[in-house]
Amino acid sequence: MFALSEEHRQIQDLAREFAREHVAPGAAARDKSGAFPADVVQQLGELGFLGMFVPQDLGGAGLDVLSYVLALEEVCYADASVGVIMSVQNSLAGWPILAFGTDEQKAKWLTPLATGERIGCYALTEPMAGSDAGAQQTRATPVDGGYRLDGAKMWITNGPQAGICVTYANLDVASRHKGVCAFIVDTTTPGFRVGKIEEKLGLHASGTCELVYENLFVPKEQLLHAERQGFQVAMATLDGGRIGIAAQSLGIAQRCLDLAVAYAKERKAFGKAIAEQQAIQWKIADMRCRIEAARLLTWRAAWLKGQGDRASAECSMAKLMASETANFCAYEALQIFGGYGFSKEYEVERLYRDARITTLYEGTSEIQRLVIARSTIG
Ligand SMILES: Cc1cc2nc3c(=O)[nH]c(=O)nc-3n(C[C@H](O)[C@H](O)[C@H](O)COP(=O)(O)OP(=O)(O)OC[C@H]3O[C@@H](n4cnc5c(N)ncnc54)[C@H](O)[C@@H]3O)c2cc1C
């Protein structure tokens, strides 16, 4: 586990080269405009990065979870907005279909996700169901041949662009999570509508919105797994999703460290480079230690998940450590940049804003601690 295999190194190198050449150059402009990076997403699809776990005969790359983590860190190093689009496509939309879908469902839905022909999203959160995800109010009513969905989701990443939406809805709101079902929704179906588009602190090039379901018919062939098993699908999906957000956090954190080191060597104060001041050196040392610790946790979680282990606590530990590290590194990098770090002309300003989401989505740091504590105490 301490050295990457030749194959993993090649994937890391490929992702690094692609991200630095094709993703990084437009990141600042997209942050400003909020434009969805359709061209970059298409290139990610051509590289196989939108269906990393999807078998090759279904159009994917057929790679393991560690490969995904390595590639995603590199993409997020260049632009965390592009990274979250890739993360949702792989972990939150593709993975549950791969893990719980029938052969027919996999054949129908995974290829367009893997190639990038259709964007995927994961719709769990509602106005009154965030951390308390079991409080699902979106209703699923059984009808002839399938179900009718009614309700609204919010904060859905990739929602504005999505063609395929893994949606959670409740057969019986009173029984909370025990009534939840997972559905594969084709967003061209009548009754599906994109609602309010969110204006966010960071991740400007990633679309986030409300989704509205009005008497939307889903055929029974699009029920994922079994009736009333949707909450299990949602939670198992989030375990893997958290590894993705850990990788995103590592990309942001590493970029902060690299920028801070370069600046500290160049910026002079009191007649010498600030990198020669011990106070600055300690910040650099702390950033590096935390990044490397978080990376090892993330690689271990990825490896366990790849063995078929549910690894909930390990995924939560990776996400908690990496996301807190991203915020720590963004804070310290901005401090090292001094007043210039507060200027939009410097990349650390964007990194500082983009880092902030990582301790919030796919389970806040408080929720990760609950998962870890429950697994520790029993
Ligand atoms: C940019 C963005 C993108 C997102 N993308 C998606 C997506 O694609 N799909 C999707 O379904 N959702 C998505 N979300 C939703 C996200 O997962 C939720 O915002 C998150 O789970 C927290 O829920 P909440 O915002 O309702 O906060 P709340 O649950 O209201 O929490 C508020 C505060 O209370 C704390 N808290 C709550 N319960 C407890 C507890 N038991 N113990 C201790 N503290 C607690 C929380 O940690 C937090 O600090 C996204 C959110 C954002 C901001």
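Residues numbered from 1 in each chain as written. Predicted model: local features only at pLDDT ≥ 70, side-chain atom pairs only at ≥ 80, totals over all residues. Heavy atoms only, no water.

**Quick notes on the side chain of Thr 138**
Here is step 1: If you trace the backbone, Thr 138 turns up in the loop between β1 (119-123) and β2 (139-143).
Here is step 2: Taking the relative accessible area as the measure of exposure, Thr 138 reaches 1% and is therefore buried.
Here is step 3: In terms of polar contacts, Thr 138 uses its side chain to reach the side chain of Glu 126, at 2.7 Å.
Here is step 4: If we ignore the near neighbours within four places in the chain, the residues touching Thr 138 are Glu 126, Asp 150, Gly 151, Ala 152, Lys 153, Tyr 168, Ala 169 and Asn 170. (Helix = DSSP H or I, 4+ residues; strand = E, 2+ residues; numbered from the N terminus. Buried < 20%, exposed > 50% of the residue type's maximum accessible area, 1.4 Å probe, protein only. Polar contact = N/O pair within 3.5 Å; in protein donor to acceptor, adjacent residues only side chain to side chain. Contact = heavy atoms within 4.5 Å.)

**Observations regarding the environment of Glu 349**
Here is step 1: By the secondary structure assignment, Glu 349 is in helix α10 (residues 347-356).
Here is step 2: Sequence separation of Glu 349 and His 204 is 145 residues, and the distance between their C-alpha atoms is 13 Å.
Here is step 3: Contacts of Glu 349, omitting those with residues within four sequence positions, involve Gly 341, Phe 342, Ser 343 and Lys 344.
Here is step 4: There is a polar contact of 3.0 Å between the side chain of Glu 349 and the side chain of Lys 344.
Here is step 5: A distance of 2.9 Å separates a polar atom in the side chain of Glu 349 from a polar atom in the side chain of Arg 353.

**With respect to the site of the ligand**
Here is step 1: Neighbouring the ligand are 17 residues; Thr 125, Ser 131, Trp 155, Thr 157 and Thr 364 lie closest to it.
Here is step 2: Measuring from a nitrogen atom of the ligand, one finds a backbone N or O atom of Tyr 122 at 2.8 Å.
Here is step 3: Measuring from a nitrogen atom of the ligand, one finds a backbone N or O atom of Trp 155 at 2.7 Å.
Here is step 4: Among the secondary structure elements, those contributing two or more residues to the shell around the ligand are β3 (146-157) and α11 (365-377).
Here is step 5: At 3 residues, β3 tops the list of elements feeding residues into the shell around the ligand.
Here is step 6: Tallied by class, residues from the shell around the ligand come to 8 nonpolar, 6 polar and 3 charged.
Here is step 7: Per-domain counts for the shell around the ligand show at least three residues from each of domain 2 (121-230) and domain 3 (232-377). (Near = heavy atom within 4 Å. Nonpolar A, V, L, I, M, F, W, Y, C, P; charged D, E, K, R; others polar. Domains from an automatic or database assignment.)

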